Every structure is written in structure tokens, then in C-alpha cells.
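# Chain and residue survey
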Amino acid sequence: MYTILEHNFMTRSNSTKQFFSLPYQIAPYKCNILPLNESDEQLKPFVRNISDLLTENGIYHKIDENSGSIGRRYWRSDECGIPYVITVDYDTLSDRKATIRDRDTIEQIRIKIDDIPIVLMHLGKDKKTWQKYKN
């Protein structure tokens, strides 16, 4: 266990903040769901819908509705070694898409809510690359 933690403890090149870069296969949580504004009732049904889809597909996740900026909540997820963060924002209300952020590259893509479980499974099991979904 110590070896896994030591070899996956990273520091971003442009920052002093440190995080665990646990591979998807061994990360306790595969993703974290963040509403852009944790107190906005309009976003909560989308968060619940995504959570239900992930649960149905056996993807362990958590919902972070704590206060703080979205950047601070991203860092909390990174520190715990969670590979992906799903952000529900105000665009989700109209386009039914959410943003998936990759912990290691900090790149983001927008994906239809119904496609999120399959996208996470493909990314996590190296069936498809981040670049393929980005284009």
C-alpha cells in the first residue's frame, strides 16, 4: 500500500499543491460530482440524475456539495486521488450536458448526461482516449 501511495503522490509543475494520481482501477472513488453552485436548487435534480446513472453502472462516486469555489473543490478531489470530476453548471439546464475534468491533465470535455457512465468506463479502462472524446 505504501508503494502505491508513494509512487502516485504528485505535484503539479505550475504549483506547489500536491495530489494523489491514483489509477482509475484502484481509486476508491472514480469520480466526484460537483454542482457549480452548491446551494442552487435548479442544479440538484441533474446531480441526482448523474448519481443514479453512475450507481446503476457500478461506478463508485461521491457528491461534493460543500461550500467553496469550484477550483477549491477540484483540488479537494485531486488530493483524494479521484480521477474525474463531473461539474453540473448552468449550461446543463439547457443542453443536458456536464463537464468532465481529468485530474492529471486538468483538461475538460462536455458530455451528454446519459453518456457519462460509458465515457468514464471507457476512459478508466483505456478503451478510448481522452483525445478521442475531446474531438
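### As for the packing of aromatic side chains
Counted by the stated rule, this structure contains 3 aromatic pairs. Taken together, a centroid distance of 6.3 Å and an interplanar angle of 65° make the contact between F19 and W75 edge-to-face. Here W75 lies in helix α3 (residues 70-80) and F19 lies in strand β2 (residues 18-20), a separation of 56 residues in the sequence. Note on accessibility: F19 and W75 belong to one class, buried. Sitting above the plane of the Y24 ring, K30 keeps its charged end 5.2 Å from the centroid. Directly above the ring of Y74 sits R101, whose terminal nitrogen or CZ lies 4.5 Å from the centroid.

### With respect to the pairing of strand β3 (residues 31-35)
Burial within β3 is extensive, with 5 of its 5 residues counted as buried. Side-chain alternation along β3 places C31, I33 and P35 on one buried face and N32 and L34 on a second face that is also buried. Relative to strand β4 (residues 61-63), β3 runs parallel, the two sharing 3 bridges. By the bridge assignment, C31 is partnered in β4 with H61. In this region the chain leaves β3, passes through helix α2 (residues 44-56) and returns to the parallel neighbour β4; the handedness of that crossover is right-handed. The sheet contact formed by β3 and strand β5 (residues 84-88) spans 5 bridges and is parallel. If you follow N32 over to β5, its bridge partner there is V85.

### Topic: the pattern of salt bridges
Applying the stated criterion to the full structure yields 8 salt bridges. When the shortest N-O distance is used, the salt bridge between D78 and R12 registers 2.9 Å. In this pair, D78 is assigned in helix α3 and R12 in the loop between β1 (9-11) and β2, connecting sequence segments 66 residues apart. In this structure, D78 and R12 share a single accessibility class: buried. Across the pair R110 and D89 runs a salt bridge whose closest N-O atoms are separated by 3.1 Å. Here D89 lies in the loop between β5 and α4 (92-95) and R110 lies in strand β7 (residues 108-112), a separation of 21 residues in the sequence. Residue R110 is classed as partly exposed on the basis of its relative accessible area of 29%. Look at the salt bridges and you will find they share partners, linking R12, D78 and R101 into a network.

Definitions and cut-offs
- Residues numbered from 1 in each chain as written.
- Predicted model: local features only at pLDDT ≥ 70, side-chain atom pairs only at ≥ 80, totals over all residues.
- Heavy atoms only, no water.
- Phe/Tyr/Trp six-rings, centres within 6.5 Å; stacked < 30°, edge-to-face > 60°.
- Helix = DSSP H or I, 4+ residues; strand = E, 2+ residues; numbered from the N terminus.
- Buried < 20%, exposed > 50% of the residue type's maximum accessible area, 1.4 Å probe, protein only.
- Lys NZ or Arg CZ within 6 Å of the ring centre and 35° of its normal.
- Pairing = 2+ DSSP bridges.
- Right-handed = clockwise from strand over helix to strand, strands pointing away.
- Salt bridge = Lys/Arg side-chain N within 4 Å of Asp/Glu carboxyl O.

By themselves, these observations are geometric and do not establish any function.
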